[in-house]
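As a plain string of letters, each chain reads:
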Amino acid sequence: MTAPATEGPRLSRLMVLLYPFAAAAVAINLFMLGLMGQWIGLPAIPPLVALALSLPLGVPASWGFSVWVKGLIDEAEGRR
């Protein structure tokens, strides 16, 4: 019989697993921001530009998402 895990998933592992979701969320938000920018006279952000910008911006977003999820896991397992 194996003992239960005592520390949970590492933050770096969570970041790698959650990066595609965070980058996709950033891309959608950038595209929608570009659509809202048209309301005040700015040019629209094309979907491919929003996707390209989301690749580097997805890193800090996935870090924040991972910290939040790690906190939820720690709270659910009683380590907090």
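See the structure shown above.
Residues numbered from 1 in each chain as written. Predicted model: local features only at pLDDT ≥ 70, side-chain atom pairs only at ≥ 80, totals over all residues. Heavy atoms only, no water.

Caption draft 1: Region of interest: helix H1 (residues 11-37). Where H1 bends most, at Leu 18, the angle is about 50 degrees, and the proline Pro 20 comes one to four residues later. Among the residues making up H1, those that are buried are Leu 14, Leu 18, Ala 22, Ala 23, Val 26, Ala 27, Leu 30, Gly 34 and Gly 37. Contacts made by the buried residues of H1 are with helix H2 (47-76). (Bend = angle between axes of the 7 residues up to and from the residue. Helix = DSSP H or I, 4+ residues; strand = E, 2+ residues; numbered from the N terminus. Buried < 20%, exposed > 50% of the residue type's maximum accessible area, 1.4 Å probe, protein only. Contact = heavy atoms within 4.5 Å.)

Caption draft 2: Structural view of the side chain of Ser 54. Residue position: Ser 54 is located in helix H2. Residue contacts for Ser 54: discarding those within four places in its chain leaves Tyr 19, Ala 23, Val 26, Ala 27 and Leu 30.

Caption draft 3: Main features of a nonpolar patch on the surface. A surface patch of nonpolar side chains, amounting to about 270 Å² of accessible area, comprises Ile 28, Met 32 and Leu 35. As for its position among the elements, Ile 28 is in helix H1. (Patch = residues over 30% accessible without salt bridge, like charges linked within 9 Å, V, L, I, M, F, W, Y side chains within 5 Å. Areas by Shrake-Rupley, 256 points an atom, 1.4 Å probe, with all protein chains shown as cover. Salt bridge = Lys/Arg side-chain N within 4 Å of Asp/Glu carboxyl O.)

Caption draft 4: Summary view of the pattern of salt bridges. Taken as a whole and judged by the stated rule, the model has three salt bridges. A salt bridge links Lys 70 to Asp 74; the shortest N-O distance between them is 3.5 Å. On the criterion of helical spacing, the pair formed by Lys 70 and Asp 74 is a turn pair, its members being four residues apart in helix H2. We note a salt bridge from Arg 79 to Glu 77, for which the minimum N-O separation is 2.7 Å. Residue class for Arg 79 comes out partly exposed when judged on its relative accessible area of 31%. Residues joined in a network through salt bridges with shared partners are Lys 70, Asp 74, Glu 77 and Arg 79.

The values reported here are purely geometric and, on their own, carry no functional implication.
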